[in-house]
Amino acid sequence: MNLIYDKKGYRKHAEAELVGFKDSILFLKNENKGHFQLALENILQAKIIVQFNWYGGILINRELIEVFSEIAREKNVERSELGSILEQLFMYIIEKERGENSNCSVIVNLDKGEIEIYAEKEIVDDLEDPVLEILLEVANKAMPEEKFEVGDIFVEVIDPRIFGRRMINTAKQFFNQRLQDVEKHYIYEDYSQRIGEIVIGVVHQVQRDNIFINIEQAELRLPKKEQIHSERYRRGDSIRTIVKSVEVNPRGPEIIVSRSDNHFLYKMFEMEVPEIE
């Protein structure tokens, strides 16, 4: 892998080999520094850009898969969802690089730490589109035992090294965006099933017309009309509210909570007097 340090104008480029990964730490080595470590949180905070060289043709190093897996765990993304994101990621990279991905497929095996990329091409005797077609003589030279004919389909293995270094930032942006999308979906699914429940959060922003409350990765909005007029809120306060509605907008799920709703008062009284049904 290549490491590019970029902190306040300070830049350094270094070649390093990834030799291990454990507990959010990358274990690296190169000729100058020998063995050294890199915390995954530095990648997540975008303080260090990591460029992985691709070795072994279509097989992606297991440690690289673990890096993606750790990032996904930080975002509370399920392992099955991670595989789907990685497939979409490489299909996106293929389209950006080749201008076409309709004839391509990506197979992700997280357990083995492998990603395989294939492109189906029609065998022709007059090449017009090198992305979708391959010459008969080229196909037969690559796989002479198959004895292809014009019109047959040739399955090409795509070497990830062809994508080049310039695609890494694009991949990183896509991966992070998809993780955010999945995280927002999880939050929506969770809170849409909790309407009418009492939740406890922490005030993190106080505005004239809204109070914003954090509960783990979710942000809840307490509008002024849903507040108790005699109460005053400060950043860092622990606060109980009832989930009133959950809607989807372009920024993600909007979770509206209340402290003045009659149902909130009833639920609070019910908590104090459990015999009420």
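Residues numbered from 1 in each chain as written. Predicted model: local features only at pLDDT ≥ 70, side-chain atom pairs only at ≥ 80, totals over all residues. Heavy atoms only, no water.

J.: Any chance you could break down the overall build of the protein for me, citing the residues and the numbers?
T.: When helices and strands are tallied, the protein shows six helices and 15 strands. Counting over 277 residues, the protein shows a buried share of 39%. Summarising the internal contacts of the protein: among those between residues at least 6 apart in sequence, 54% fall at separations of at least 24. Carbon together with sulfur atoms contributes 47% to the accessible area of the protein, which is approximately 16,700 Å² in total. (Helix = DSSP H or I, 4+ residues; strand = E, 2+ residues; numbered from the N terminus. Buried < 20%, exposed > 50% of the residue type's maximum accessible area, 1.4 Å probe, protein only. Contact = heavy atoms within 4.5 Å. Areas by Shrake-Rupley, 256 points an atom, 1.4 Å probe, with all protein chains shown as cover.)

J.: Any chance you could break down the pattern of salt bridges for me, citing the residues and the numbers?
T.: Tallied over the entire structure, the rule returns eight salt bridges. The residue Arg194 makes a salt bridge to Glu197 at a minimum N-O spacing of 3.5 Å. A relative accessible area of 36% places Glu197 in the partly exposed class. A salt bridge links Lys244 to Glu226; the nearest nitrogen and oxygen atoms lie 2.8 Å apart. Residue Lys244 is located in strand 14 (residues 238-249), and its partner Glu226 is located in the loop between strand 13 (218-223) and strand 14; the two are separated by 18 residues in the primary sequence. Within this structure, Asp190, Arg194 and Glu197 form a network of salt bridges that share partners. (Salt bridge = Lys/Arg side-chain N within 4 Å of Asp/Glu carboxyl O.)

J.: Report on the sheet that holds strand 15 (residues 252-258), specifying residues and quantitative values.
T.: An order of 11-12-13-15-14 is seen for the five strands of this closed barrel, with the pairing classed as mixed. For this sheet the average axis-to-axis angle between neighbouring strands, irrespective of direction, equals 50 degrees. Direction of pairing for strand 11 (residues 198-206) relative to strand 14: antiparallel, over a ladder of five bridges. When the bridges of strand 14 are listed, Val199 appears paired with Thr241. Its contacts with the sheet put helix 6 (residues 262-272) on strand 11, strand 14 and strand 15, and the angle it makes with strand 14 is roughly 135 degrees. (Pairing = 2+ DSSP bridges. Axes fitted to C-alpha atoms, helices over the stretch in contact; angles between N-to-C directions.)

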